[in-house]
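Structural description and commentary
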Amino acid sequence: MTLLIRNGRVIDPASMQDAVADILIQDGKIADIQPQMQEMTDPQIRQINAEGCYVMPGFIDLHVHLRDPGFEYKETVATGAAAAARGGYTTVVAMPNTKPAADNADVISYVHNKAKNMAKINVLQAGAITQKMAGERLSDIKGMVQAGSPAISEDGKSVMNAYLMQKAMRLAKQLDIPVLSHCEEKSLLNGGVVNEDENAKRNGLPGISNLVENMIAVRDIMIAKDTGAKLHLCHCSTKESVEIVKLARERGVRISAEVCPHHFTLTSDDMITGDTNFKMNPPLRTKEDTEALRQGLKDDIMDVIATDHAPHSKQDKNDSMLRAPFGIIGLETAAALTYTELVLGGYLTPMQMAQKMSYNPARVLGIDKGSLQPGRTADIVIFDPHKTYEIDASKSASQSRNTPFHGRRVTGAVRATIAGGEIAYQSEEL
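The paragraphs below set out a description of the structure included in this document. (Residues numbered from 1 in each chain as written. Predicted model: local features only at pLDDT ≥ 70, side-chain atom pairs only at ≥ 80, totals over all residues. Heavy atoms only, no water.)

Attention shifts here to the pairing of strand β14 (residues 230-233). Both faces of β14 are covered, namely the face carrying Lys230 and His232 and the face carrying Leu231 and Leu233. In this structure, strand β11 (residues 178-181) lies alongside β14, joined through 4 bridges in parallel fashion. Bridge pairing in β14 links Ser181 to Leu233. Between β14 and its parallel partner strand β15 (residues 255-259), the chain crosses via helix α7 (residues 239-250), and the hand of that crossover is right-handed. (Buried < 20%, exposed > 50% of the residue type's maximum accessible area, 1.4 Å probe, protein only. Helix = DSSP H or I, 4+ residues; strand = E, 2+ residues; numbered from the N terminus. Pairing = 2+ DSSP bridges. Right-handed = clockwise from strand over helix to strand, strands pointing away.)

Okay, here's the thing in structure tokens:
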């Protein structure tokens, strides 16, 4: 397919280009970018008018749960990829806490092969650090990397055995892959389900303190410093995490860190009593934490925005705050929340938005994406920064609907997602 995207504001972090231009796509690659290309009358060339829209490299999400294999009643590779395409994502990294866990090459290959047949975007399966995610023995990390796994993680929990984590990071260093770390000191959880603050006390709920996250963040940074591994901190939620990442980078640690839209948008004060769509891990924190995360993104200390897309069925979520599972969906709302809260809020420029949602995640993974330069794979999102609307969870392409953002008014909408030169999603308005 030959595509011509006309009149869009091209925002490319790789070249720092920010100007109105036309983009020609041929054979799945970006063939040319010019301020104004000559008229093309060939009926075989499909033309898209992106006037008034941002044209950015396709978004890359380092942190999604596709629930496949094992929990297909919550999400599948196909439905998760469809939701990702609607959200402007051309590449997603799936976490390994499936059933069976993605702890060997066979499960990695299963997900990748299923994605090739059923997804219009790129789906990459992260490998589990330990066998069955039990924290006792290392998985076949080398075999999983050979099968195409771009990273290792134990997301949903931390590897509490520091010696095992050190061994994993040494191996990750040899294989030149990042370690995606869920930072949670298990011994401090004490059954917590929400942030440890006055709201938790008022509702009689056990709390999760900032220390739960901060302790493992410091530990894993120290191991990364010792081993030379690339460490990526997942879903950072505390003000101390921003300080910790800043200090680690100043000391030469190979570190990156992500923040999720729910953590830079909502606080524990926003929670509706008894509504488990506000239950996530890490929990919604205080206004002070949220502001620190926003400033950390603004100052480029926190360099990635990821969703932690965690679908659950209505039945699973329709329980008490104590028993309902943690997690919310996020692939289709992330871009609008980022633009509304951070760009319109004065924290990020549109260029920084593209950096944190595409260019920087590509650098973390070490993949040749996140750029609109000629010759690169045509992974592109067309984003309308003018449309204002209310989020409607009932229209989600995900198999689940668990979001606290239903009915929230936002600005910014994905108009089209192009993956490998093919249209993976196109809105009716475009």
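Next comes the rest of the description.
Below, the discussion takes up the packing of aromatic side chains. Evaluated as defined, the whole model comprises 4 aromatic pairs. Residues Phe59 and Tyr89 carry aromatic rings whose centres are separated by 5.7 Å and whose planes lie at 65° to one another, so their mutual orientation is edge-to-face. Highlighted residues: Phe59 in strand β6 (residues 59-64) and Tyr89 in strand β7 (residues 89-94), separated in sequence by 30 residues. Taken individually, Phe59 and Tyr89 each receive the classification buried, so the pair is uniform in this respect. These aromatic residues form a ring-pair network of at least three members: Tyr54, Tyr339 and Phe383. For the cation-ring pair, Lys74 lies above Phe71, with the distance from its terminal atom to the ring centre recorded as 5.5 Å. Positioned over the ring face of Tyr359 is Arg363, at 4.6 Å from the centre of the ring. (Phe/Tyr/Trp six-rings, centres within 6.5 Å; stacked < 30°, edge-to-face > 60°. Lys NZ or Arg CZ within 6 Å of the ring centre and 35° of its normal.)

The next thing to look at is the environment of Thr388. When you line up the elements, Thr388 lands in strand β17 (residues 380-390). Using a relative accessible area of 37% as the deciding quantity, one classes Thr388 as partly exposed. Separated by 33 residues in the primary sequence, Thr388 and Gln355 place their C-alpha atoms 23 Å from one another. If near-sequence neighbours (up to four positions away) are discounted, Thr388 is found in contact with Arg409, Val410 and Thr411. (Contact = heavy atoms within 4.5 Å.)

Glancing now at the side chain of Asn214. Considering the arrangement of structural elements, one finds Asn214 in helix α6 (residues 210-227). Of the residues examined, Asn214 reaches a relative accessible area of 8% and is grouped as buried. Setting aside chain neighbours within four positions, we find Asn214 in contact with Thr238, Glu240, Ser241 and Ile244.

We now examine the packing of helix α4 (residues 162-175) against α6. Relative orientation of the contacting elements α4 and α6 amounts to 45°, with a least axis distance of 9 Å. By the criterion of interaxial angle, the relationship of α4 to α6 is oblique. For the crossing formed where α4 meets α6, the hand is right-handed. Judged by residue contacts, Ala162, Met165, Gln166, Met169, Arg170 and Lys173 of α4 engage Arg219, Asp220, Ile223, Ala224, Asp226 and Thr227 from α6. Across the contact of α4 with α6, the residue classes break down as 5 nonpolar, 2 polar and 5 charged. (Axes fitted to C-alpha atoms, helices over the stretch in contact; angles between N-to-C directions. Parallel < 35°, antiparallel > 145°, perpendicular 65-115°, else oblique. Left-handed = near helix turned anticlockwise from the far one by under 90°. Nonpolar A, V, L, I, M, F, W, Y, C, P; charged D, E, K, R; others polar.)

Attention shifts here to the sheet that holds β15. One open sheet accounts for 6 strands, arranged β9-β10-β11-β14-β15-β16; its pairing is parallel. Of all strands in the sheet, those with a lone pairing partner are β9 (127-128) and β16 (304-305), marking the two edges. The pairing of strand β10 (residues 152-153) with β11 spans 2 bridges and is classified as parallel. Looking at the pairing, Ile152 lines up with Val179 of β11.

What follows concerns a nonpolar patch on the surface. A cluster of nonpolar side chains, namely Leu188, Leu211 and Met215, defines an oily patch on the protein surface of about 240 Å² accessible area. Structurally, Leu211 can be placed in helix α6. Judged by its relative accessible area of 44%, Leu211 is partly exposed. (Patch = residues over 30% accessible without salt bridge, like charges linked within 9 Å, V, L, I, M, F, W, Y side chains within 5 Å. Areas by Shrake-Rupley, 256 points an atom, 1.4 Å probe, with all protein chains shown as cover. Salt bridge = Lys/Arg side-chain N within 4 Å of Asp/Glu carboxyl O.)

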